[in-house]
Amino acid sequence: MRDDTRQWIEADQAHCWHPFTRQTEWCGRGHEPLVLVRGEGAWLWDSEGNRYLDGNSSIWTNIHGHSHPVIQSAIRAQLENVAHTSFLGFTHPLATELARQLCGFFPPNTLERVFFSDNGSTAVECALKMAVQYRQQTGQPQRNGFIAFANGYHGDTLGAASLGGIDRFSERFRGTGFPVQHVTSMADLANLCPDSIAGVVIEPLIQGVNEMRPWPAEMLGELRNWCDANGVHLILDEVMTGFGRTGRMFACQLEQVIPDFLCLAKGLTGGYLPLAATLTTGRVYDAFLGGADRAFYYGHSYTANPLGCAAALASLSLFNSEKTLEQLPAKIERIATGLAGLRSRHPLVHEIRQCGLIAGIELRRPDGSHFPVAERVGESVCFSARAFGLLTRPILDTIVLMPPLSTSLEEIDHAVGALDSALSAI
Ligand SMILES: *Cc1c(COP(=O)(O)O)cnc(C)c1O
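Residue numbers restart at each chain and count upward from 1, following the sequence in its written direction. Reporting in this predicted model follows two pLDDT cut-offs: at least 70 for local features of residues, and 80 or more for side-chain atom pairs to be given and counted; totals over whole chains, interfaces and linings ignore these cut-offs and use all residues. Remark: hydrogens and water are excluded; side-chain values derive from all non-hydrogen atoms of the structure.

1. Quick notes on the nonpolar core
Working step 1: Grouped together as the largest cluster of nonpolar side chains are 74 residues, with contacts concentrated most on Leu-102, Phe-116 and Phe-243.
Working step 2: Looking at which element gives the most residues to this core, the answer is helix H16 (residues 409-425), with seven residues.
Working step 3: Structurally, this core is a two-domain feature, drawing no fewer than three residues from each of domain 1 (34-63 + 325-425) and domain 2 (72-321).
Working step 4: Membership of the second largest hydrophobic core comes to 26 residues, among which are Val-239, Ala-265, Val-284 and Ala-287. Buried residues of nine kinds, namely Ala, Val, Leu, Ile, Met, Phe, Trp, Tyr and Cys, make up a nonpolar core once their side-chain atoms join them within 4.5 Å. Between buried and exposed lies partly exposed: a residue is buried under 20% and exposed over 50% of the maximum accessible area for its type, with that area taken using a 1.4 Å probe on protein chains only. Note on conventions: DSSP H or I runs of at least 4 residues are helices, E runs of at least 2 residues are strands, and numbering of each starts at the N terminus. The domain boundaries here were taken from an automatic or database domain assignment.

What follows is the structure, encoded as structure tokens:
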């Protein structure tokens with residue numbers, strides 16, 4: 001190992017605290033974290049000069065590949081002007097254009113307002129607070145709770161976390177956020193009294209953190225109808241599914257559903273900078289007009305950060321100039337074929353779940369029973385895949401394969417091949 005690599009690891013283990021990480025292990029003897037130093041296209045390099053395909057799009061964020069010259073030069077051009085200005089009391093050209101373009105994805109008089117923030121959690125947090133305040137200002141203050149789906153994940157700020165349906169993440173903080181009722185399916189909604197509900201929150205088409213589990217077809221349309229019939233807002237968390245990941249620009253477009261709130265983050269800047277957006281309707285927005293007591297008192301220091309907006313606009317322009325969506329069907333097909341082959345060759349591959357360029361490969365024992373969690377089989381396979389030039393992470397024993405949308409067919413083959421080798425190796 002190079003001296004500088006060793007020094008970075010020592011400083012990390014002495015001072016850094018990583019997300020969702022057992023620090024005892026991370027800092028344990030013999031653990032040598034990869035130090036990532038460079039990226040180009042779908043590839044990342046570590047400080048020792050090894051190259052890996054970015055199999056989970058740098059935690060589901062990257063869209064057009066790393067170090068894309070168009071996104072880089074857009075960020076640089078804005079940097080020549082100014083890196084950050086306050087959106088509280090001022091505006092700036094790129095935010096105005098980005099808001100216009102985001103609303104332009106939806107028919108007129110539907111989603112027509114954009115509230116910027118920093119990440120997926122704040123995009124959701126903001127939708128929840130807007131939804132509750134909307135009820136207070138439209139004579140329905142008793143509607144202050146939410147419906148969320150079991151095993152859903154909507155982020156880690158307190159409000160977003162109160163929606164969280166995954167106990168190992170959220171149970172410690174239960175009771176601290178909004179009142180939330182969890183349901184598992186559309187059928188559960190029938191038994192529920194909606195009188196105290198402001199909105200229902202869902203990850204459309206596929207739940208990500210819940211081991212990449214797709215919803216039944218047509219469900220989103222049914223949920224929209226249920227919301228309309230019961231006077232409940234539909235809040236879509238497209239933090240993972242947005243920006244082409246499912247094959248369409250937004251997952252909701254696949255079922256022709258328009259929500260009352262749309263939460264966007266991860267892929268908004270192409271995966272270059274932290275920026276988020278909460279879109280809502282003119283109808284919601286109008287309830288905040290009037291005196292000071294009706295304003296939405298919410299915001300973050302870096303709201304609408306100009307560098308982030310520059311990256312986002314460049315990313316959106318690439319969808320046109322590189323015909324990103326047009327090329328997805330062949331890639332989606334290539335992943336499906338590759339993973340089907342994996343399943344036929346490896347008895348440990350129990351199920352493949354795929355929605356567009358999002359795939360989960362669930363491993364179980366050949367008899368169909370789960371591996372004991374403590375064996376951490378998914379982690380072993382991902383660790384082993386590094387040696388074959390693939391970086392990704394599992395969720396329990398489901399291996400995520402979700403490369404940047406720009407990944408070529410040959411690179412997809414490389415990723416599947418690396419998983420194949422890793423499965424053979426363990
Ligand atoms: C990642 C994610 C979030 C949280 O976004 P952060 O940027 O990590 O705060 C929320 N919802 C979904 C569906 C996500 O995948």
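2. Observations concerning the sheet that holds strand E12 (residues 276-281)
Strand pairing in a sheet relies on backbone hydrogen bonds. The paired strands run either parallel or antiparallel.
Working step 1: With mixed pairing, the seven strands of this open sheet are ordered in space as E4-E12-E11-E10-E7-E5-E6. The open sheet terminates on both sides in strands that have one partner only, identified here as strand E4 (111-117) and strand E6 (180-183). Averaged over neighbouring strand pairs, the angle between their axes works out to 20 degrees when direction is ignored.
Working step 2: Criterion used throughout: strands pair if DSSP finds at least two bridges between them. Alignment of strand E7 (residues 197-202) against strand E10 (residues 233-237), held across four bridges, turns out to be parallel. Residue pairing in the sheet places Gly-199 in a bridge with His-233 of E10. The axes used here are C-alpha line fits, helices contributing only the stretch in contact, and every angle between their N-to-C directions lies in the interval 0 to 180 degrees.

3. Here we look at the sheet that holds strand E13 (residues 349-355)
Working step 1: Reading across from one edge, E13-E14-E17-E16 is the order of the four strands in this open sheet, with antiparallel pairing throughout. Each of the sheet's edge strands pairs with one partner strand only, and the pair in question is E13 and strand E16 (394-395).
Working step 2: In terms of strand pairing, strand E14 (residues 358-363) meets strand E17 (residues 398-401) through four bridges, oriented antiparallel. The partner of Ile-361 across the bridge, within E17, is Ile-399.

4. Looking at the pattern of salt bridges
Working step 1: A pair is scored as a salt bridge if a Lys or Arg side-chain nitrogen falls within 4 Å of a carboxyl oxygen belonging to Asp or Glu. Across all of its chains, the model carries 13 salt bridges by this definition.
Working step 2: Between Arg-334 and Asp-413 there is a salt bridge, with its nearest N and O atoms 2.8 Å apart. Of this pair, Arg-334 sits in helix H14 (residues 328-345) while Asp-413 sits in helix H16, placing them 79 residues apart in sequence.
Working step 3: For Arg-334, a relative accessible area of 29% corresponds to the partly exposed category.
Working step 4: For Asp-413, a relative accessible area of 36% gives the class partly exposed.
Working step 5: Here Arg-376 makes a salt bridge to Glu-379, at a shortest N to O gap of 3.2 Å.
Working step 6: Through salt bridges that share partners, Arg-22, Glu-25, Arg-376 and Glu-379 make up one connected network.

5. Focus: the domain arrangement of the protein
Working step 1: Its domain assignment divides the protein into domain 1 (34-63 + 325-425) and domain 2 (72-321).
Working step 2: For domain 1 versus domain 2, the distance between C-alpha centres works out to 28 Å.
Working step 3: Here a residue-residue contact requires only that any non-hydrogen atoms of the pair lie within 4.5 Å. In this complex, domain 1 contributes 26 residues to the contact, which on the side of domain 2 involves 24 residues.
Working step 4: When two components associate, each loses some accessible surface as probed by a 1.4 Å sphere; the sum of these losses over both components is called the buried area. With both sides pooled, the region where domain 1 packs onto domain 2 buries about 2100 Å², and carbon together with sulfur makes up 66% of that total.
Working step 5: Connecting domain 1 to domain 2 are zero salt bridges.
Working step 6: Polar contacts, as used here, are pairs of N or O atoms within 3.5 Å; protein pairs need one atom able to donate a hydrogen and one able to accept it. Residues neighboring in sequence count only if both atoms are side-chain atoms. Where domain 1 touches domain 2, the interface holds ten residue pairs in polar contact (both at pLDDT 80 or more).

6. Structural notes on the environment of Leu-98
Working step 1: If you trace the backbone, Leu-98 turns up in helix H5 (residues 93-103).
Working step 2: Owing to a relative accessible area of 0%, Leu-98 belongs among the buried residues under this scheme.
Working step 3: Between the alpha carbons of Leu-98 and Glu-255 there is a distance of 25 Å; along the sequence they are 157 residues apart.
Working step 4: When residues no more than four places from it in sequence are discounted, the contact partners of Leu-98 are Phe-116, Leu-275, Cys-309, Ala-312, Leu-313 and Leu-316.

7. Focus: the site of the ligand
Working step 1: For this purpose, a residue is taken to be near a molecule or strand whenever a single non-hydrogen atom of the residue falls within 4 Å of it. If you check the shell around the ligand, you find Trp-60, Asn-119, Gly-120, Ser-121, Tyr-153, His-154, Gly-155, Glu-203, Asp-237, Val-239, Met-240 and Lys-266 and nothing else.
Working step 2: One of the side-chain N or O atoms of Lys-266 is found 2.6 Å from an oxygen atom in the ligand.
Working step 3: Starting from 380 Å² of accessible surface for the ligand in isolation, the protein chains cover 83%.
Working step 4: Taken together, the residues of the shell around the ligand break down into four nonpolar, five polar and three charged. Using a 1.4 Å probe, the Shrake-Rupley method yields the accessible areas, and only the shown protein chains count as cover for residues. Side-chain classes follow a simple rule in which Ala, Val, Leu, Ile, Met, Phe, Trp, Tyr, Cys and Pro form the nonpolar group, Asp, Glu, Lys and Arg form the charged group, and the remainder, Gly included, forms the polar group.

8. Quick word on the packing of aromatic side chains
Any pair of aromatic rings gets described here by the distance separating the centres and the angle formed by the planes.
Working step 1: The criterion for an aromatic pair is that two Phe, Tyr or Trp rings (for Trp, the six-membered ring) have centres within 6.5 Å, with stacked assigned to planes under 30 degrees apart, edge-to-face to planes over 60 apart and tilted to the rest. Going through the model one piece at a time under the given rule, you end up with twelve aromatic pairs.
Working step 2: With 5.9 Å between their ring centres and 65 degrees between their planes, Phe-115 and Tyr-298 make a pair best called edge-to-face. Remark: Tyr-298 occurs in the loop between helix H12 (282-286) and helix H13 (306-321) and Phe-115 occurs in strand E4; sequence separation between them is 183 residues.
Working step 3: With a relative accessible area of 16%, Tyr-298 lands in the buried category.
Working step 4: Seen in terms of ring centroids, Tyr-153 and Phe-169 are 6.2 Å apart; in terms of plane orientation they differ by 80 degrees. Their pairing is edge-to-face. Of this pair, Tyr-153 sits in the loop between strand E5 (145-149) and helix H7 (158-163) while Phe-169 sits in helix H8 (residues 167-170), placing them 16 residues apart in sequence.
Working step 5: Classification of Phe-169 by relative accessible area gives partly exposed; the value is 27%.
Working step 6: Taken together, the ring pairs connect Phe-105, Phe-106, Phe-243 and Phe-250 into an aromatic cluster.
Working step 7: Definition used: whenever NZ (Lys) or CZ (Arg) falls within 6 Å of the ring centre and also within 35 degrees of the ring normal, the charge is taken to sit over that ring. Here the guanidinium or amino end of Arg-38 rests over the ring plane of Trp-45, the centre of that ring lying 4.0 Å away.
Working step 8: Just above the ring of Tyr-285 sits the side chain of Arg-113; from NZ or CZ to the centre is 3.7 Å.

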